[in-house]
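Here are the chains, one letter per residue:
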Amino acid sequence: MRLGEAHLDQSNFMLENLRKHIVELDAEESRRAAREAVDAGIDVESILSKGVGLALEEVSRRYDRGEYFLSELVMAGEVVNEVLTEVLPRIKKGENEAAVIEKGTVVIGTVQGDLHDIGKNIVSTFMSALGLRVIDLGVDVPPERFVEEVRRSRAQIMGLSCLLTTTLPAMKRTIEALQESGLRPTVKIIVGGRPVTETLARELGADAYGHDAPDGARKALKLLGRE
Ligand code: B12
């Protein structure tokens, strides 16, 4: 086996280990596995997509099959938040250290009625790492709160996250509220989250769709004309 292959093998093993601990809802072991992966030099994007993302897909399948219940979903969220405390600070200190100049302001949040924030938090971190000033309004954010903060901060971008199909209408209402406020011509809108697609984003009246955090952060820069 060549050196490169051995390294790849070790990376795959570490990511598999991380997935296993997350799916088993073991916070301590998950956190340890995440730290080991970061220390071994596995890039953050891989840890998030092949580790955290795939593990949560498995948790979701078990929930769909009735093997996991809401309490397990809650625990999975908590375990992943633990993992993220190991992983996300490395993005800020990592390759993007030079990008501290603020290139624009983004007001981001999870729309009204929706409490999912893991994905949104990762997107915020990637956007900050690319030099954007990010104002995170949290979860269950009413349309008028988005509008108020966009006006106050003079943000150029509004970012909306939504994980439930039932809260897609809240995403629409938020975009409409921005239109009604008269601010829409000066503010670009980027949307994302599990039920959102490129087509849906267009239908909702957004300017861009990000399928994951790196994509969302890159598209935000593009909206500002600063690729
Ligand atoms: C963890 C979890 C929870 C946790 C959330 C904890 C937290 N702090 O976020 C808790 C327990 C609170 C929860 C509750 C519920 N959940 Co839940 N949950 C999940 C689970 C397992 C993981 C979500 C997640 O964090 N994914 C990982 C992140 C990294 O991915 P992501 O969010 O998609 O984000 C990425 C992209 O989408 C994108 N992105 C996201 N937002 C944005 C925004 C922008 C601007 C951009 C550019 C990109 C972007 O980038 C992110 C990073 O790469 C999913 C299943 C799944 N696989 O998604 C179910 C899931 C979303 N939940 C579901 C359900 C049904 C619920 C409940 C209704 C359950 C209940 N019976 O009460 C409640 C609803 C509560 C509420 N009002 O919101 C369903 C939704 C089904 C549907 N069709 O709508 C899912 C799909 C599970 C399932 N298989 O049924 N949940």
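Look a little higher up for the structure.
To start, this report covers the structure provided alongside it. (Residues numbered from 1 in each chain as written. Predicted model: local features only at pLDDT ≥ 70, side-chain atom pairs only at ≥ 80, totals over all residues. Heavy atoms only, no water.)

**Overview of the pairing of strand β1 (residues 105-110)**
Taken across its 6 residues, β1 has 6 buried, putting it largely inside the fold. Burial of β1 is two-sided: the residues Thr105, Val107 and Gly109 facing one way and the residues Val106, Ile108 and Thr110 facing the other way are all buried. The sheet contact formed by β1 and strand β2 (residues 133-136) spans 4 bridges and is parallel. Its bridge partner lying in β2, Ile108 is registered against Asp136. Between β1 and its parallel partner β2, the chain crosses via helix α5 (residues 118-129), and the hand of that crossover is right-handed. (Buried < 20%, exposed > 50% of the residue type's maximum accessible area, 1.4 Å probe, protein only. Helix = DSSP H or I, 4+ residues; strand = E, 2+ residues; numbered from the N terminus. Pairing = 2+ DSSP bridges. Right-handed = clockwise from strand over helix to strand, strands pointing away.)

**Digging into the coordination of the cobalt atom of the ligand**
Just one protein atom donates to the cobalt atom of the ligand; it is His116 (NE2), sitting 2.3 Å from the metal. Note on placement: His116 falls in the loop between β1 and α5. (Donors = N, O, S within 2.8 Å, 3.2 Å for Na, K, Ca; no water.)

**A look at unusual backbone geometry**
Phi is positive for Asp140, which is not a glycine, with a value near 55 degrees. Within the secondary structure layout, Asp140 lies in the loop between β2 and α6 (143-153).

**Points about the pairing of strand β3 (residues 157-161)**
Taking burial as the measure, the 5 residues of β3 include 5 buried ones, the bulk of the element. Every second residue of β3 is oriented toward a common face, with Ile157, Gly159 and Ser161 on one face and Met158 and Leu160 on the other, all of them buried. The pairing of β1 with β3 spans 5 bridges and is parallel. By the bridge assignment for β3, Val106 is matched with Ile157. The sheet contact formed by β3 and strand β4 (residues 188-192) spans 5 bridges and is parallel. Across the sheet, Leu160 pairs through a bridge with Val191, a residue of β4.

**Overview of the sheet that holds β1**
Hydrogen bonds between backbone groups are what pair the strands of a sheet, and the pairing can be parallel or antiparallel. Taken in spatial order, the 5 strands make up an open sheet running β2-β1-β3-β4-β5, and their pairing is parallel. With partners counted over all chains shown, the strands left at the sheet margins are β2 and β5 (208-209), one partner each. Pairing analysis gives 2 bridges linking β4 to β5, with the strands arranged parallel. In the strand pairing of β5, Ile190 is matched with Ala208. On top of the sheet, helix α7 (residues 168-181) reaches β3 and β4; it is set at about 165 degrees to β3, its chief contact. (Contact = heavy atoms within 4.5 Å. Axes fitted to C-alpha atoms, helices over the stretch in contact; angles between N-to-C directions.)

**A look at the environment of Lys120**
Among the secondary structure elements, Lys120 is positioned in helix α5. Along the primary structure Lys120 and Ala213 are separated by 93 residues, whereas in three dimensions their C-alpha atoms are 8.1 Å apart. Beyond its immediate sequence surroundings of up to four residues, Lys120 is in contact with Ile108, Gly109, Thr110, Asp136, Gly138 and Ser161. A polar contact is formed between the side chain of Lys120 and the side chain of Asp136, at a distance of 3.0 Å. (Polar contact = N/O pair within 3.5 Å; in protein donor to acceptor, adjacent residues only side chain to side chain.)

All quantities given are derived from atomic positions and should not be read as evidence of function.
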